[in-house]
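The chain contents come next:
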Amino acid sequence: MPKKNAPDLIDSFEKIPVKIYPDLKEGSRFVAQQVAALIRARQAKKEKCVLGLATGSTPKTLYAELVRMHHEEKLSFKNVITFNLDEYYPIDNDALQSYNRFMRTHLFDHVDINPANIHIPNGEISKENIKAHCLQYEKMIEEAGGIDLQILGIGNNGHIGFNEPGSGIYSRTRLITLDNSTRLANAYEFHNISQVPRLAITMGISTILRSKKIILMAWGPAKAAVIKKAAEDDVTERVPASLLQNHDDVTFVVDEAAAAELTRNKSPWLTGDCEWTPRMIKKAVVNMALRKKKPVLSLTNADYNEYGLSDLLVEKGDAYEINLQVYYMLRDSITGWPGGKPNAVIPAHPERSSPYPKRVIIFSPHPDDDIISMGGTFQRLHDQGHDVHVGYQTSGNIAVTDEFATRFLDFAVGFEEIAGIDAGKSKKILEETRKFVAAKKSNQVDTPKLRAIKGLIRRGEAKATCRYVGLPDGNIHFMNLPFYETGTIEKKPMSEKDISITIGLLRQLKPQQVYCAGDFADPHGTHIVCFNVVLEALKRIKAEGDNWISECWLWLYKGAWQEWKIEEIEMAIPMSPDQVMKKRFGIFIHQSQKDMVPFQGSDSREFWQRAEERNAATANLYADLGLTHYAAMEAFVRWHY
Ligand code: F6R
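Keep in mind the model is a prediction, meaning the values are calculated, not measured.

**Student:** Just to check I follow, could you spell out the overall build of the chain for this structure?
**Tutor:** From N to C terminus, the chain includes 20 helices and 17 strands. Radius of gyration (C-alpha) of the chain: 27 Å, near the 26 Å computed for a compact globule of 641 residues. Expressed along its principal axes, the backbone C-alpha trace of the chain runs to roughly 80 × 80 × 45 Å. Going through the 641 residues of the chain one by one, you find that 56% of them count as buried. At a minimum sequence separation of 6, the contacts of the chain that also span at least 24 residues come to 76%. Surface summary for the chain: the accessible area is close to 27400 Å², and the carbon and sulfur share equals 54%. Taken as two groups, the 80 positive and 81 negative side-chain charges of the chain have centres that lie 2 Å from each other.

**Student:** Teacher, can you tell me more about the pairing of strand 14 (residues 513-517) here?
**Tutor:** The two faces of the sheet receive side chains in turn, since in a regular strand these alternate between them. The element strand 14 is largely enclosed, with a buried count of five among its five residues. Burial along strand 14 is two-sided: Gln 513, Tyr 515 and Ala 517 facing one way and Val 514 and Cys 516 facing the other are all buried. Bridge analysis of strand 14 against strand 15 (residues 553-557) gives five bridges, and the strand direction is parallel. Bridge pairing in strand 15 places Tyr 515 opposite Trp 555.

**Student:** I'm lost on the nonpolar core in this one. Help?
**Tutor:** Soluble globular proteins tend to bury their nonpolar side chains together. Judged by nonpolar contacts, the single largest core of 65 residues is most densely connected at Trp 276, Val 285, Tyr 304, Leu 309, Leu 506 and Tyr 622. Among the elements that take part in this core, helix 18 (residues 526-543) stands out by supplying nine residues, more than any other. With 41 residues, the next largest nonpolar core counts Val 35, Leu 51, Ala 187 and Ala 200 among its residues.

**Student:** When you look at the environment of Val 254 in this model, what are you seeing that I'm missing?
**Tutor:** By secondary structure assignment, the location of Val 254 is in strand 10 (residues 250-255). Taking the C-alpha atoms as reference points, Val 254 and Pro 22, separated by 232 residues in sequence, lie 8.6 Å from one another. Apart from the residues within four sequence positions on either side, Val 254 is in contact with Val 18, Lys 19, Ile 20, Tyr 21, Ala 218, Trp 219, Ile 227 and Ala 259.

**Student:** I would appreciate a short explanation of the sheet that holds strand 6 (residues 149-152) in the present structure.
**Tutor:** The pairing of strands in a sheet comes from backbone hydrogen bonds and takes either a parallel or an antiparallel form. With parallel pairing, seven strands are arranged side by side in an open sheet as 1-10-9-6-2-3-5. The two strands at the open ends of the sheet, each matched to only one other strand, are strand 1 (18-21) and strand 5 (118-119). On top of the sheet, helix 7 (residues 224-232) reaches strand 1, strand 9 (213-218) and strand 10; it is set at about 155° to strand 10, its chief contact.

**Student:** Would you mind going over helix 19 (residues 577-588) with me for this structure?
**Tutor:** Each turn of an α-helix holds 3.6 residues, which means side chains three or four residues apart point in the same direction. Its 12 residues give helix 19 an end-to-end C-alpha distance of 17 Å, which sits within 8% of 16 Å, the value for a rise of 1.5 Å per residue. Along helix 19, the residues that are buried comprise Val 580, Lys 583, Gly 586 and Ile 587. Taken end-on, helix 19 shows its buried residues confined to a sector of 120°, consistent with a single buried face. The outward face of helix 19, more than 90 degrees from its buried face, is lined by the exposed residues Pro 577 and Asp 578. Packed against the buried residues of helix 19 are helix 13 (369-383), helix 16 (448-469), strand 16 (571-575), helix 20 (607-624) and strand 17 (632-639).

**Student:** How should I be thinking about the confidence of the model for the chain in this particular structure?
**Tutor:** Interpretation of this model should avoid reading the predicted coordinates in detail wherever pLDDT is low. Summary statistics for the chain give a mean pLDDT of 93 and a share of 95% for residues scoring 70 or more. Counting contacts from residues 1-7, a segment whose pLDDT is below 50, to residues more than four positions away or on other chains yields 19 contacts.

**Student:** So what exactly am I meant to see when it comes to the site of the ligand here?
**Tutor:** Surveying the vicinity of the ligand reveals 13 residues, the closest of which are Thr 58, Asp 86, His 159, Gly 161 and Lys 223. A distance of 2.7 Å is found between an oxygen atom of the ligand and a side-chain nitrogen or oxygen belonging to Thr 55. In this structure, an oxygen atom belonging to the ligand sits 2.7 Å away from a main-chain N or O atom of Gly 161. In the complex, 93% of the free accessible area of the ligand, which totals 410 Å², lies under the protein chains.

**Student:** Help me understand the side chain of Glu 567 in this model?
**Tutor:** Take Glu 567: it is sitting in the loop between strand 15 and strand 16. The side chain of Glu 567 sits in the buried core without any salt bridge; Lys 283 is the nearest counter-charge, 4.5 Å away. Sequence-distant contacts of Glu 567, defined by excluding residues within four places in its chain, comprise Lys 282, Lys 283 and Asn 287.

What counts, and at which threshold
Residues numbered from 1 in each chain as written. Predicted model: local features only at pLDDT ≥ 70, side-chain atom pairs only at ≥ 80, totals over all residues. Heavy atoms only, no water. Helix = DSSP H or I, 4+ residues; strand = E, 2+ residues; numbered from the N terminus. Rg over C-alpha atoms; globule rule 2.2 N^0.38 Å. Buried < 20%, exposed > 50% of the residue type's maximum accessible area, 1.4 Å probe, protein only. Contact = heavy atoms within 4.5 Å. Areas by Shrake-Rupley, 256 points an atom, 1.4 Å probe, with all protein chains shown as cover. Lys, Arg positive; Asp, Glu negative; His and termini not counted. Charge placed at Lys NZ, Arg CZ, Asp CG, Glu CD. Pairing = 2+ DSSP bridges. Core = buried A, V, L, I, M, F, W, Y, C linked by side-chain atoms within 4.5 Å. Axes fitted to C-alpha atoms, helices over the stretch in contact; angles between N-to-C directions. Expected span 1.5 Å × (residues − 1). Arc of directions from axis to C-beta. pLDDT = per-residue confidence, 0-100. Near = heavy atom within 4 Å. Polar contact = N/O pair within 3.5 Å; in protein donor to acceptor, adjacent residues only side chain to side chain. Salt bridge = Lys/Arg side-chain N within 4 Å of Asp/Glu carboxyl O.

Have a look at this one:
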């Protein structure tokens with residue numbers, strides 16, 4: 001087993017202590033307890049407690065937990081003084097994206113902190129006054145006695161606060177130009193990248209390092225690479241978080257996904273004893289083969305020794321045997337029969353050959369994830385005679401532009417005129433919509449009617465895709481899960497209603513196969529809620545003992561943002577060049593998502609490009625490992641619930 005929570009740094013590659021939690025909830029709870037303990041300890045001594053606070057997606061659950069503790073455990077913030085790390089510049093304090101507003105929404109409005117004790121850099125200040133404002137900010141921190149505990153997130157480029165790469169160890173609170181990568185990463189909060197401010201006011205590295213204690217949090221796979229760089233690699237201004245190695249009371253609190261690149265997880269055999277399960281052997285050998293640029297079957301005893309796998313050789317005997325074991329695992333994960341091969345006995349096949357045909361449901365968080373992430377498999381399942389259903393979990397309405405919606409309304413009016421239907425009502429809706437859109441403020445929430453129209457557009461695209469694949473209309477299910485319907489990026493948490501809608505559909509279909517997005521890095525957070533809803537629904541059905549559930553297997557695909565690691569893949573579905581093209585045209589049907597979508601996120605490629613590059617990359621990796629070279633491959637992992 002990988003060594004978790006190593007008690008000291010002596011036998012570790014990590015130069016900063018890293019605490020790893022199964023998920024962000026548990027990690028956030030731990031940090032909340034640290035914060036609460038400090039506040040209470042100071043209260044007991046009738047002293048002030050000075051906290052340095054961060055914004056962004058990372059600390060939201062921490063703040064929710066502190067608010068809960070305030071309501072349920074009488075945690076008071078009366079003795080707390082806060083200093084926030086940063087603020088966009090320029091920005092109105094009341095703008096939806098301002099960190100001033102963020103802090104009120106997530107923490108300050110819900111606790112008993114004295115407003116005079118709250119300090120956040122001011123994005124409204126005039127440019128000529130910024131220097132004085134920054135000096136004053138530093139002075140106020142000093143006068144408060146310095147920061148007792150500084151909470152940090154980390155940018156994908158290693159920034160802390162908005163100290164972008166290049167920020168020096170002596171930097172103080174100042175105005176800084178945001179890195180393009182940061183503007184892209186944060187574009188999801190705005191309508192598009194052009195609206196993201198180019199500047200920000202941030203505490204400096206030196207300001208941060210003078211805190212008495214520092215906790216940096218990171219969640220999700222997107223942070224894994226930078227956590228490794230900051231905690232294990234050399235100190236460099238190119239990765240500002242690595243400068244934290246100079247502080248003697250700093251802890252990284254991360255979830256398992258963000259810890260994945262740490263040596264103790266990535267190559268646990270290098271950090272001490274490791275249990276050689278078949279999975280671990282596969283991971284070690286696959287990574288060695290890729291590093292050495294050799295097919296698995298060409299690896300030698302010398303390669304094993306050089307790569308630090310001499311223990312494995314001692315335990316298993318010889319490279320030849322281990323290579324074969326891993327080669328077979330890889331080979332057996334490849335199949336053209338995602339629903340199982342009927343009338344065939346193949347014990348190592350990833351799926352069962354019977355029953356045939358199977359009833360299958362593909363859960364698609366947004367109306368296009370099915371075709372983007374598993375279009376080839378979707379088509380094969382249908383072509384191979386399975387009864388394939390799609391459950392579109394959310395309406396996806398926030399990702400349709402206003403221009404697209406008015407264009408469709410124009411069509412509705414024209415259609416009624418051609419058809420000789422009274423177009424009066426449609427015209428009125430078109431006029432109202434035009435007026436609303438013209439006066440709409442940045443990030444103002446759409447009216448329920450406009451949201452419904454946008455949802456309808458996406459429904460039409462999803463239906464057209466299903467018909468393109470060949471599905472009858474009765475197999476298309478629009479679930480419209482309520483957690484999504486906020487009209488903003490910020491979604492509600494999963495509710496009983498979301499679960500009961502999902503249980504209802506599962507019980508109606510009694511599927512033998514369920515496909516679900518296991519893409520936990522979705523920057524909008526929708527995919528993870530969609531996954532949790534399905535998992536909870538399946539678990540409850542299981543607990544209630546429905547007789548079909550024991551035969552129901554759950555397969556996970558990754559959404560548009562990531563792919564499984566090669567060693568994790570349990571079922572890989574190859575695609576021919578023609579199948580790749582067919583999938584591309586299926587994705588094109590989602591016209592509202594082509595060319596330019598609101599909330600594009602940090603990847604400027606279109607969805608079809610991401611899908612093709614990702615599927616080709618998976619196929620290339622299999623080929624590099626010495627297996628057949630296919631044009632593309634879609635990948636799945638089985639989830640045992
Ligand atoms: C926020 C801040 C930034 C974020 C970092 C990570 O006040 O200073 O350093 O912590 O950009 O952002 P998220 O948490 O959104 O991934």
